[in-house]
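Examining the three-dimensional arrangement
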Amino acid sequence: MSTLNCDLLVLGSGIAGQTAATHAAEAGLNVILAEKTAALGGSTVMSGGWFAFSGTEEQRAAGVDDSAELFLRDMQEVGEYRNDPALLHAYLDHQDETYRWLKEHGVVFREVEISSGQSAKRGHNTAITDVMATLHDQFAAAGGTTLLEHRATKLLTDADGRVTGTRLSGPKGDSEVTARFGVVLATGGFSRGTELLNIFAPGQLQAIPFGGRGNTGDGLRMAWKLGADMADMSFISGTYGSHPETGEVHELLTAYYVGAIIVNKGGRRFIDESLSYKTLGAAVLHEEDGLGVQIFDARVRALSHRGIPLKDMDTLEEKGHVFRADTLAELAELADVDPDTLEQTVARYNDVATRGGDDEVGRASLCNGVGELVPIEQAPFYAYPAKSLMTTTYCGVKTSAHAEVITVEGESIPGLYAIGEVVGGFHGAAYMTGSSLGKGAVFGLIVAQQAAQRAALAAHTPSGVGA
Ligand SMILES: Cc1cc2nc3c(=O)[nH]c(=O)nc-3n(C[C@H](O)[C@H](O)[C@H](O)COP(=O)(O)OP(=O)(O)OC[C@H]3O[C@@H](n4cnc5c(N)ncnc54)[C@H](O)[C@@H]3O)c2cc1C
């Protein structure tokens, strides 16, 4: 079996792995990036491209009042205080550096917007496929090696239990890679991992399967075998907001954060629409056909932003996925929703929006405590039928703030690191838009910096072996 040697072995080429690989290669390490599929980018290149950062130049230019303290509070509230504070603090301590590193590497944050779990406009939108292509080019330019269609199948350990490398299965058979300063699991979640979903969240198999084709939970399983602890496994939920005929192309709409309501086929609302779209994703599975129909009017429709994920109603209407009618009754017929009940539901909502009082599902804002309810009254009216999309799992191996994988006995596994969606404990019960691409980049940077430090230390020790 052939063997390759390197300083740092990164498994998985999404935002987490690519950030780690690029940064480490630029720091002078000999880095191998192994990717299971034939294409780079995993779920990252299918994503909406939103990064959550606070205190940025773009926020200041848009007059947004935000802070690390508010960011922390939002993360804890949306996560129901189940998140690991050490991971959250590591994110907040490194977000500015990461944001600047991304900009220095050519990333343009083209739009700042509020979204799931945020109480200030904190989502920074990027053209994510361009971001990933650029970071990979910079990795190659710094001398990094990429192995496509190389799936890590087994972690290699020495007699002391230190992870020294990985076995890879590739087009030409099996090979081994050894890494002096660490093996980094950046293998993403298991949104395509039917076996693991069956174990941890069988109810979620009703959601539309999505996410990177290679995201079946390999990294989680390999770390599990070595005794890794896990976190957040019970909070897996699809994301609400995708048309039932969503194919391979990203199609999530969050018209409810700017004024739509969500009704079931019976025409009734069933959840406070201002909550995290992961919470909505879990709730919609209990409705008939797993369907929730976003109902909005011309005022909301005018807020569409073509080309910007989550906000692009123009493209969805052109695709024939958004219905339009002059009256609510006609709209209900088109969308196969009970017409009488829909009219009554909208009338009650409009009454609360104009005169105040208690909303029937407890909604008091448009999005996570921000924005006043606005009546749905300006014709034409629109309906977007949507289901839960299994985009992400946001749970997995426990790590320290330095990305070391932690065992069930609370010890780190020497030589093994995990970053990105394969990690559990960061989000807690639900999810804030932008915090996953954000954490991939933040912890990618952290893990690369740590590896560079180990390499520097080893260069000054007689044995030359990393600590
Ligand atoms: C439709 C959609 C929209 C989203 N929008 C946003 C958003 O706007 N903002 C946000 O923050 N998050 C968003 N997310 C979530 C976010 O995209 C992911 O959580 C994030 O990209 C995960 O990054 P990652 O690097 O950890 O994993 P991935 O990007 O999934 O990369 C993991 C890679 O590892 C590879 N791999 C797996 N197993 C192995 C193995 N054994 N050996 C080698 N390679 C392996 C996979 O093939 C894959 O390429 C969205 C997700 C989806 C699907």
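- Going by an unreviewed UniProt entry, the protein chain carries the name FAD-dependent oxidoreductase and comes from Leifsonia kafniensis.
- Per UniProt, the comment on the protein chain under Cofactor (unreviewed entry) is "FAD".

**Concerning the side chain of Asp 359**
- Tracing the backbone through its elements, the reader meets Asp 359 in the loop between helix H12 (339-355) and strand S18 (381-390).
- Asp 359 gets classed as buried once you look at its relative accessible area, which sits at 9%.
- A polar contact of 2.7 Å, which involves the side chain of Asp 359, links it to the side chain of Arg 269.
- One polar contact links the side chain of Asp 359 to the main-chain amide nitrogen of Arg 363, over a distance of 2.9 Å.
- If sequence neighbours within four positions are ignored, Asp 359 has contacts with Arg 269, Tyr 349 and Val 352.

**Section: the packing of helix H1 (residues 15-26) against helix H5 (residues 128-141)**
- Packing of H1 against H5 brings their axes to within 8 Å, and their N-to-C directions diverge by 30 degrees. By the criterion of interaxial angle, the relationship of H1 to H5 is roughly parallel. Regarding H1 and H5, the two cross each other, and that crossing is left-handed. Along its contact with H1, which presents Ile 15, Gln 18, Thr 19, Ala 21, Thr 22, Ala 25 and Glu 26, the element H5 presents Met 132, Leu 135, His 136, Gln 138 and Phe 139.

**Points about the site of the ligand**
- Neighbouring the ligand are 39 residues; Glu 35, Thr 44, Glu 421, Ser 436 and Leu 437 lie closest to it.
- A distance of 3.4 Å separates an oxygen atom of the ligand from a polar atom in the backbone of Gly 41.
- The cavity where the ligand resides is the largest cavity.
- For the shell around the ligand, the secondary structure elements donating two or more residues are H1, strand S8 (151-157) and helix H13 (435-459).
- With three residues, H13 is the single largest residue contributor to the shell around the ligand.
- Classifying every residue of the shell around the ligand gives 11 nonpolar, 23 polar and five charged.

**A few points about the confidence of the model for the protein chain**
- Per-residue confidence for the protein chain gives a mean pLDDT of 96; residues scoring 70 or more make up 99%.
- Confidence, expressed as mean pLDDT per element, reaches its minimum in the protein chain at strand S12 (residues 208-209) with 91 and its maximum at strand S11 (residues 183-185) with 99.

**Comments concerning the sheet that holds strand S4 (residues 50-52)**
- Ordered by their spatial adjacency, three strands build an open sheet running S4-S6-S5, and the pairing between neighbours is antiparallel. In this open sheet, the two strands that pair with only one neighbour each are S4 and strand S5 (111-113). Between one strand axis and the next, the sheet turns by 30 degrees as a mean value, whatever way the strands run.
- In this sheet, strand S6 (residues 123-125) lies alongside S5 in antiparallel orientation, the contact comprising three bridges. Directly across from Val 112, in S6, lies its bridge partner His 124.

**Describing the pattern of salt bridges**
- In this structure the tally under the stated criterion is 28 salt bridges.
- With a shortest N-O distance of 3.5 Å, Lys 265 and Asp 336 are connected by a salt bridge. You can see Lys 265 sitting in the loop between strand S15 (261-263) and helix H8 (277-284) and its partner Asp 336 sitting in the loop between helix H11 (328-335) and H12, a full 71 residues away along the chain.
- Connected through shared salt-bridge partners, Glu 57, Glu 58, Asp 96, Arg 100 and Lys 103 make up one network.

So, how was this worked out
Residues numbered from 1 in each chain as written. Predicted model: local features only at pLDDT ≥ 70, side-chain atom pairs only at ≥ 80, totals over all residues. Heavy atoms only, no water. UniProt positions renumbered as here; feature names shortened; annotations may be inferred. Helix = DSSP H or I, 4+ residues; strand = E, 2+ residues; numbered from the N terminus. Buried < 20%, exposed > 50% of the residue type's maximum accessible area, 1.4 Å probe, protein only. Polar contact = N/O pair within 3.5 Å; in protein donor to acceptor, adjacent residues only side chain to side chain. Contact = heavy atoms within 4.5 Å. Axes fitted to C-alpha atoms, helices over the stretch in contact; angles between N-to-C directions. Parallel < 35°, antiparallel > 145°, perpendicular 65-115°, else oblique. Left-handed = near helix turned anticlockwise from the far one by under 90°. Near = heavy atom within 4 Å. 1 Å grid on protein atoms, 1.4 Å probe; cavity = no way out; pocket = protein on both sides within 12 Å on 5 of 7 lines; lining within 4 Å. Sits in = over half its atoms within 2 Å of the grid points. Nonpolar A, V, L, I, M, F, W, Y, C, P; charged D, E, K, R; others polar. pLDDT = per-residue confidence, 0-100. Pairing = 2+ DSSP bridges. Salt bridge = Lys/Arg side-chain N within 4 Å of Asp/Glu carboxyl O.

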